[in-house]
Amino acid sequence: NPVKIVLFCLLTMLVTPVMPQDGVASDYFVSTQHNFGQIREDGGPVQHEFVFENKGTDTLEIIKVSAGGGISVLGWTRCNLPPGDSGTVTLEFDPRNMPGRFNRVVSVNFSGDPATVTLRMLGEVIPAQRTSKEMYPHEMGPLRIRSNHIPLGRVAPGTVKSDTVGVINMTDEAMEISFAGVPQHTSFRALPPILDPGGRGIIEVAYYAKTDGEWGRVTDNIRVLANGISSGRNILYISANILEDFSGMTAEEKAEAPSVHFKERVFDFGTLKQGDSIGHTFDFINNGRSDLLIHAVNSGCGSTATGPSRKVVHPGDSGGIDVFFDSYGMRGIQSKTIVVITNDPDNQSVVLRITGEVVSE
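Everything in this summary refers to the structure shown in the same document. Being a predicted model, the structure only gives us computed values, none of them experimental.

1. A few points about the sheet that holds strand β7 (residues 116-126)
Turning to step 1, where the next piece is worked out: Read from one edge to the other, the open sheet built from four strands follows the order β1-β7-β6-β3, with strand pairing classed as mixed. A single partner strand is all that each edge strand has here, and the edge strands are β1 (33-40) and β3 (62-66). Ignoring strand direction, the axes of neighbouring strands in this sheet form an average angle of 20°.
Turning to step 2, where the next piece is worked out: With six bridges joining them, β1 and β7 adopt parallel strand pairing. From the neighbouring strand, I39 faces β7, where its bridge partner is V125.

2. Some details on unusual backbone geometry
With the exception of glycine, the majority of residues adopt a negative phi angle, and the majority of peptide bonds are in the trans configuration.
Turning to step 1, where the next piece is worked out: Omega for the bond connecting L191 with P192 falls within 30 degrees of zero, at -5°, which places this linkage in the cis form.
Turning to step 2, where the next piece is worked out: By the secondary structure assignment, P192 is in the loop between β13 (186-191) and β14 (194-195).
Turning to step 3, where the next piece is worked out: Positive phi outside glycine occurs at N97, with the angle close to 60°.
Turning to step 4, where the next piece is worked out: If you check the backbone angles, N227 has positive phi at about 55° while not being a glycine.
Turning to step 5, where the next piece is worked out: By the element assignment, N227 lies in the loop between β16 (216-226) and β17 (235-242).
Turning to step 6, where the next piece is worked out: Classification of N227 by relative accessible area gives partly exposed; the value is 44%.

3. As for the environment of V358
Turning to step 1, where the next piece is worked out: By the element assignment, V358 lies in strand β26 (residues 349-359).
Turning to step 2, where the next piece is worked out: According to the relative accessible area criterion, V358 is buried, its value standing at 1%.
Turning to step 3, where the next piece is worked out: Note: C-alpha distance between V358 and R40 (318 residues apart in sequence) is 52 Å.
Turning to step 4, where the next piece is worked out: Every residue in contact with V358, bar those within four places of it in the chain, is listed here: L272, K273, Q274, F325, S327, M330, R331, G332 and Q334.

4. Comments concerning the nonpolar core
General note: in soluble globular proteins, nonpolar side chains tend to be found buried as a group.
Turning to step 1, where the next piece is worked out: Membership of the largest hydrophobic core comes to 26 residues, with the highest contact counts inside it found for I203, V224 and L236.
Turning to step 2, where the next piece is worked out: Secondary structure elements with two or more residues in this core: β9 (143-145), β10 (149-155), β11 (160-169), β12 (175-180), β13, β15 (200-208), β16 and β17.
Turning to step 3, where the next piece is worked out: V65, I71, F110 and L119 belong to the second largest nonpolar core, which has 25 residues in total.

5. Observations concerning the pattern of salt bridges
Turning to step 1, where the next piece is worked out: On inspection of all chains with the given rule, the structure shows eight salt bridges.
Turning to step 2, where the next piece is worked out: Put simply, D346 and K254 hold a salt bridge, and the shortest N to O gap is 3.7 Å. Of this pair, D346 sits in the loop between β25 (332-342) and β26 while K254 sits in helix α3 (residues 251-255); the two residues are 92 residues apart in sequence, bridging distant segments of the chain.

6. Overview of the side chain of D94
Turning to step 1, where the next piece is worked out: Summarising the element assignment, D94 is placed in the loop between β5 (86-93) and β6 (100-110).
Turning to step 2, where the next piece is worked out: We classify D94 as buried; its relative accessible area is 17%.
Turning to step 3, where the next piece is worked out: For D94, the side chain forms a polar contact with the side chain of R96, separated by 2.7 Å.
Turning to step 4, where the next piece is worked out: Excluding anything up to four places from it in sequence, D94 contacts P45 and G70.

7. So, the pairing of β26
The side chains of a regular strand alternate between both faces of the sheet.
Turning to step 1, where the next piece is worked out: In this sheet, β26 lies alongside strand β19 (residues 266-273) in parallel orientation, the contact comprising six bridges. Across the sheet, V266 pairs through a bridge with R353, a residue of β26.
Turning to step 2, where the next piece is worked out: Here β25 hands over to β26 after six residues, the two strands then running antiparallel side by side.

8. Some thoughts on the packing of aromatic side chains
Turning to step 1, where the next piece is worked out: One pass over the structure, following the stated rule, counts nine aromatic pairs.
Turning to step 2, where the next piece is worked out: Geometrically, the ring pair formed by F93 and F102 is stacked, given 4.0 Å between the ring centres and 15° between the ring planes. The exposure classification of F93 matches that of F102, with both residues buried.

9. With respect to the pairing of β5
Turning to step 1, where the next piece is worked out: For β5, the buried fraction is high: eight of the eight residues fall into the buried class.
Turning to step 2, where the next piece is worked out: Bridge count between strand β2 (residues 46-53) and β5: eight bridges; the pairing is antiparallel. Following the sheet pairing, F50 is matched in β5 by V89.
Turning to step 3, where the next piece is worked out: Bridge analysis of strand β4 (residues 71-76) against β5 gives five bridges, and the strand direction is antiparallel. Along β5, the bridge assignment pairs G75 with T90.

Basis of the calculations
- Residues numbered from 1 in each chain as written.
- Predicted model: local features only at pLDDT ≥ 70, side-chain atom pairs only at ≥ 80, totals over all residues.
- Heavy atoms only, no water.
- Pairing = 2+ DSSP bridges.
- Helix = DSSP H or I, 4+ residues; strand = E, 2+ residues; numbered from the N terminus.
- Axes fitted to C-alpha atoms, helices over the stretch in contact; angles between N-to-C directions.
- Buried < 20%, exposed > 50% of the residue type's maximum accessible area, 1.4 Å probe, protein only.
- Contact = heavy atoms within 4.5 Å.
- Core = buried A, V, L, I, M, F, W, Y, C linked by side-chain atoms within 4.5 Å.
- Salt bridge = Lys/Arg side-chain N within 4 Å of Asp/Glu carboxyl O.
- Polar contact = N/O pair within 3.5 Å; in protein donor to acceptor, adjacent residues only side chain to side chain.
- Phe/Tyr/Trp six-rings, centres within 6.5 Å; stacked < 30°, edge-to-face > 60°.

Structure, rendered in structure tokens:
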């Protein structure tokens, strides 16, 4: 009797409205799928109770229920179910920040055979009406912007890449947008340049990756001015990853390309007293058939690195990346990275790592 089992096992479950089932039966569950249909993003979580039966001759127990992707497990029948009796698994889906169609699966592990059954919850979340402040969360004085960071991604040397970000004038006065501190390899413009009260527009950036410029991950920042005034948190960040484009390379061309091989990519210095420093050389060899170019060696905070004395390494020749780590002001586990940018199409960005622990005297 299901009622007796509920009282006997002290189930942890929610009482939910009866919803139509639309799945197929399994060896245990009456239905393994539930479609919520259309639900509102701001309507709060929705729940469903899946019913299962013990159709075997031995007792049946749920060992574990695993969920994710906005699904929470509210409860299940936590006892050995006698043959012929039934139990439940109660799940909840939270539609917040989940607009659009969803199709989530939940794994239920049983003590019987089959050991695992997959439940499915699906439907469509109708997006909530967003306020202007939610759509443009970053303040830049009287201006609001969708994001204060424009990630351009990968940019090949000698090419130009553009992107935009939305802005809105939240004041009751017209606003002219201009820029200060613009690097020579970038250009910015506002479209339209003057925003009416409550008006929306975009900021467009064009980034030119110089052939003799920086390599790897680079970041620039500019100031956004409203009516010529710099106020508030008005810094707009632009990032790019400057790497060669080998996408059009043929198999024959790749076979003739350089190939960098490092003897090791991680150096563990063990334990270091605070204030001491240590150096290490990461040795490498060019196993390819053409010259290897070391475009750049970029080190993070807390470490310095220098490239080989020769930036051009012939086939069969070797070199080394010298790394220096200073533990001044540091304590605990440390992990510093060095990125080597090359013209090896399979190893354009080689990440080297120096790790260890800094201890106080």
